[in-house]
Amino acid sequence: MIKWLFDGVTIGGQALLAVILALALAAPLFVDDYLLSVFIVTLYFAYTGQAWNVMMGFAGQLSLGHAIYVGLAAYTAAVLFVELRISPWIGILAAIPVAVLCGAIIGFLAFRFRVAGVYFAILTIAFAEFARIGFDHFSAVGGSAGLFLPVASYAKFDLWNLRGGPEMFYYLILVMVIAVFLICRALMHSRVGYYWLAIREDEQAARALGIDTFRYKMIAVLVSAGMTAPAGVFLAFYHNNLFPEQIFHISQSIEIILAPIIGGIGTLFGPIIGAALLQWLAESLRVGLEAVGIDVPGSKQVFFGVLLLLVVIAVPEGLWPWIAAKFRLTERKP
Amino acid sequence: MTALLTVDGVSKRFRGLVAVDNVSFEVPEGAIFAVIGPNGAGKTTLFNAIAGEFKPDGGSIVFAGEKIDGLSPDRICRRGVGRTFQIVKPFPGLSVEDNVMVGALLHRRTPRDAREWVHQVLERLDLHDKRHQLASALTLPDRKRLEVARAIATEPKLLLLDEVMAGLRPTETDRMVEVFRRLNKEHGVTILLIEHVMRAVMALASHILVLHHGAAIAEGAPEEVVRDQAVIDSYLGAEALI
């Protein structure tokens, strides 16, 4: 098991991984609440990026509407908690199927009617926008006025109902990131992972090798949607409020895909590196600007745009493949 | 010998153009069957109809006793028909080994189970040394070999080869011929090939079908077919007889 985990990672890479993991585990002891919140956001986007990567990085299906899975899962778990006092741990058992069902509808419509490439991406945007507008007018769950969870007191530590301080949420999302990383790694080294890559590379050739491309593309969408759902539940209980205009907004979908694009599409470390770089640099920039007395709303988005441009020009494959080769963190095969 | 593949009266039209016109033939089990003919004769169209890329407008295709025309390409592959593409279609972003692995996973559940078979196939096609290279970095002859390796990895009963010799040097052609001969003799794979390289056709084929303007104009043993006047006039030219 341990051997399998580190297969293909050099000693240097393993050491670095151990150090990062140790730092991540110890972080709440050293940092203040503000920095911790930056870490939580970072891990959140590492998680969602990893889930999105299954669809785009592995199976080559571009989704620009992943906010829909986040939002549906968030609303499902939140409504169950607010109305019926059902624990999010139970709520997630409903949230995942809701997201998967939504993915199934989108995937079926697209792949059955051969909607591919850019048109597929547009379809995913359309569904997310449809959900945003729909929830804006869905008064039973608050409509555009939003849905609010009873706010937790910081002193409380109630893991069962996810009511507690940022440390609890930090460790929760950290565990989620590690879990989804391991799942993605296992998928990548399985038959379905190879089939996804084949479909991404050349669908016609994949079919000629006996791959039922409709089925495997569907699996990619379902897995990706189901993986994204826990992030939605997390977001609902971390923020304690849900607004359709935020959670289903296209900017949410875009922010989800930035981390893997910058870190490296189709790689396992890409989403993590990308999220860390994006959020840390963006926050540093904001703090820096504030220190000199400039407070420009939207500076973060502008910075994201500039960073994206630089990466696409300098290392189009993403940062991780470049870093891994440069510092010999993974084995380079002859 | 029983027929592994029976093509009966197959036609395919593209708008007004009749690409394949009422073609019938049988490929016996264990044979190496060649389809030759000038460019535009309908060879690749016939191939694509067998491999399931499209449904023929008329006629039937029976493989191993079951009708396969109209089935999707992946179903046909799972029944035991492997194919190569005339314009090679490697998975460019994957290594040579992973390319072959995709094919090998058809009958093996996990990459671990398939690894040994993948290495055998790679060795057979002289690609073992290049297994960690990206497919996009290969030369054309190597890509052609990879195309074949990937198809073989699915362990087909019938292998469809669409001009795999085109662009190869004579020595490379001979190596490829040897690969197919062994595959046919030692592993009992029936082969249906489209080929322009007569050197390879004559070395391999036990049976030849000649297409011209979508129709079959001659069929038989290689020695007979190359002396057929209609074949010489339409395709081979007189110098082929030397």
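Reading the values: the criteria
- Residues numbered from 1 in each chain as written.
- Chains lettered and ligands numbered in written order.
- Predicted model: local features only at pLDDT ≥ 70, side-chain atom pairs only at ≥ 80, totals over all residues.
- Helix = DSSP H or I, 4+ residues; strand = E, 2+ residues; numbered from the N terminus.
- Rg over C-alpha atoms; globule rule 2.2 N^0.38 Å.
- Buried ≥ 20, exposed ≤ 12 C-beta atoms within 10 Å, placed from the backbone.
- Contact = placed C-beta atoms within 7 Å.
- Core = buried A, V, L, I, M, F, W, Y, C linked by C-beta atoms within 7 Å.
- Nonpolar A, V, L, I, M, F, W, Y, C, P; charged D, E, K, R; others polar.
- Axes fitted to C-alpha atoms, helices over the stretch in contact; angles between N-to-C directions.
- Parallel < 35°, antiparallel > 145°, perpendicular 65-115°, else oblique.
- Left-handed = near helix turned anticlockwise from the far one by under 90°.
- Pairing = 2+ DSSP bridges.
- Expected span 1.5 Å × (residues − 1).
- pLDDT = per-residue confidence, 0-100.

### Here we look at the overall build of chain A
Link 1 in the chain: Helices and strands together make up the secondary structure of chain A, namely 15 helices and four strands.
Link 2 in the chain: Here the C-alpha atoms of chain A give a radius of gyration of 20 Å, agreeing with the 20 Å that 2.2 N^0.38 yields for 334 residues.
Link 3 in the chain: Viewed in the frame of its principal axes, chain A has a C-alpha envelope of about 55 × 45 × 45 Å.
Link 4 in the chain: For chain A, with 334 residues in total, the buried portion stands at 43%.
Link 5 in the chain: Taking the intrachain contacts of chain A between residues at least 6 apart in sequence as the baseline, contacts between residues at least 24 apart amount to 75%.

### So, the overall build of chain B
Link 1 in the chain: When its secondary structure is counted, chain B shows nine helices and ten strands.
Link 2 in the chain: Relative to its length of 242 residues, chain B is compact, with a C-alpha radius of gyration of 18 Å against a globular reference of 18 Å.
Link 3 in the chain: Expressed as lengths along the three principal axes of its C-alpha atoms, the size of chain B is roughly 50 × 40 × 35 Å.
Link 4 in the chain: Across the 242 residues that make up chain B, the buried fraction comes to 48%.

### Brief notes about the environment of B:E163
All names here are of chain B.
Link 1 in the chain: You can see E163 is positioned in the loop between β7 (158–162) and α6 (170–187).
Link 2 in the chain: According to the C-beta neighbour criterion, E163 is buried, with 21 such atoms within 10 Å.
Link 3 in the chain: Distance from E163 to E195, taken between C-alpha atoms, is 4.8 Å for residues 32 residues apart in sequence.
Link 4 in the chain: In this structure E163 touches Q86, I194, E195 and H196, once residues within four positions along its chain are discounted.

### A look at the nonpolar core
Residues and elements named next belong to chain A.
Link 1 in the chain: The biggest cluster of nonpolar side chains holds 175 residues, and the ones touching the most others in it are A74 and I173.
Link 2 in the chain: Residue contributions to this core peak at 14 residues, all from helix α10 (residues 213–239).
Link 3 in the chain: Those residues in contact with A74 that sit more than four places away from it in its chain are G232, V233, L235, A236, L242 and I247.

### Focus on the interface of chain A and chain B
Link 1 in the chain: With 20 residues of chain A at the contact, the number on the chain B side is 24 residues.
Link 2 in the chain: Those elements that place two or more of their residues in the side of chain A that touches chain B are α8 (191–201) and α9 (203–208) of chain A.
Link 3 in the chain: With six residues, the single largest contributor to the side of chain A that touches chain B is α8(A).
Link 4 in the chain: Here the side of chain A that touches chain B is composed, by residue class, of nine nonpolar, five polar and six charged.

### What to know about the environment of A:A18
Link 1 in the chain: Within the secondary structure, A:A18 is located in helix α2 (residues 11–30).
Link 2 in the chain: Considered as a pair, A:A18 and A:Y194 are 176 residues apart in the sequence and their alpha carbons are 28 Å apart.

### Description of the packing of helix α13 (residues 270–291) of chain A against helix α14 (residues 299–314) of chain A
All names here are of chain A.
Link 1 in the chain: As a packed pair, α13 and α14 sit with axes 10 Å apart at the nearest point and diverge in direction by 130 degrees. Of the possible angle classes, the one that applies to α13 and α14 is oblique. In this structure, α13 crosses over α14, and the sense of that crossing is right-handed. Counting all contacts with α13, which are made through L278, A282, L285, R286 and L289, the residues of α14 involved are S299, K300, F303, F304 and L307.

### Comments concerning the sheet that holds strand β5 (residues 66–67) of chain B
Residue and element names in this part refer to chain B.
Link 1 in the chain: The four strands lie next to each other as β2-β1-β4-β5, forming an open sheet whose pairing is antiparallel. Looking at which strands have only one partner, the edges of the open sheet turn out to be β2 (17–28) and β5.
Link 2 in the chain: As paired elements, strand β4 (residues 58–63) and β5 share two bridges and run antiparallel to each other. Bridge pairing in β5 places V62 opposite K67.

### Here we look at the sheet that holds strand β3 (residues 32–36) of chain B
All names here are of chain B.
Link 1 in the chain: Across the sheet, which stays open at both edges, the six strands sit in the order β6-β7-β8-β3-β9-β10 with mixed pairing between neighbours. The open sheet has two free edges, formed respectively by β6 (81–83) and β10 (215–220), since each of these has just one partner strand. Geometrically, the sheet is characterised by an average inter-axis angle of 15 degrees between neighbouring strands, direction not taken into account.
Link 2 in the chain: Bridging between β7 and strand β8 (residues 190–194) involves five bridges; their strand directions are parallel.

### Regarding α14(A)
Link 1 in the chain: Spanning 16 residues, α14(A) covers 22 Å between terminal C-alpha atoms, matching the ideal 22 Å at 1.5 Å per step.
Link 2 in the chain: By the criterion of burial, α14(A) is predominantly exposed, with just one of the 16 residues buried.

### Digging into the pairing of β4(B)
Residues and elements named next belong to chain B.
Link 1 in the chain: In the sheet, strand β1 (residues 3–14) pairs with β4 via five bridges, with the strands oriented antiparallel. Bridging from a neighbouring strand, L5 pairs with F63 of β4.
Link 2 in the chain: Between β4 and β5, which pair antiparallel one after the other, the connecting turn spans two residues, and A64 there sits at a positive phi close to 50 degrees.

### Overview of unusual backbone geometry
If a residue is not glycine, its phi is most likely negative; likewise, a peptide bond is most likely trans.
Link 1 in the chain: Phi angles above zero are rare outside glycine, and A:N240 is one such case at about 65 degrees.
Link 2 in the chain: By the secondary structure assignment, A:N240 is in the loop between α10 and β4 (241–242).
Link 3 in the chain: Residue classification places A:N240 among the partly exposed positions, given that 16 C-beta atoms sit within 10 Å.
Link 4 in the chain: In this structure, B:E163 takes a positive phi of about 50 degrees despite not being glycine.

### Remarks on the environment of A:I211
Link 1 in the chain: Tracing the backbone through its elements, the reader meets A:I211 in the loop between α9 and α10.
Link 2 in the chain: For the pair A:I211 and A:V192, spaced 19 residues apart in sequence, the C-alpha separation works out to 9.9 Å.
Link 3 in the chain: Ignoring anything within four residues of it in the chain, the contact list for A:I211 reads A:Y195, A:A198, A:I199, A:A206, A:Y216 and B:D74.

### Here we look at the confidence of the model for chain B
Link 1 in the chain: Per-residue confidence for chain B gives a mean pLDDT of 90; residues scoring 70 or more make up 98%.
Link 2 in the chain: Both confidence scores are given for the complex: pTM 0.92, ipTM 0.91.

### Considerations on the packing of helix α3 (residues 96–104) of chain B against helix α5 (residues 140–153) of chain B
Residues and elements named next belong to chain B.
Link 1 in the chain: For the pair α3 and α5, interaxial distance at closest approach is 6 Å and the crossing angle is 30 degrees. By the criterion of interaxial angle, the relationship of α3 to α5 is roughly parallel. α5 is crossed by α3, and the crossing has right-handed handedness. For the pair α3 and α5, contact is made by V96, N99, V100, V102, G103 and A104 and by L146, A149, R150, A151 and A153, respectively.
Link 2 in the chain: Broken down by class, the residue content of the contact of α3 with α5 amounts to eight nonpolar, two polar and one charged.

### Some points on the pairing of β8(B)
Residues and elements named next belong to chain B.
Link 1 in the chain: With five of five residues buried, β8 is to be regarded as a mostly interior element.
Link 2 in the chain: Burial of β8 is two-sided: the residues T190, L192 and I194 facing one way and the residues I191 and L193 facing the other way are all buried.
Link 3 in the chain: Where β3 and β8 come together, four bridges link them in parallel fashion. Paired with A34 across the two strands is L193, which belongs to β8.

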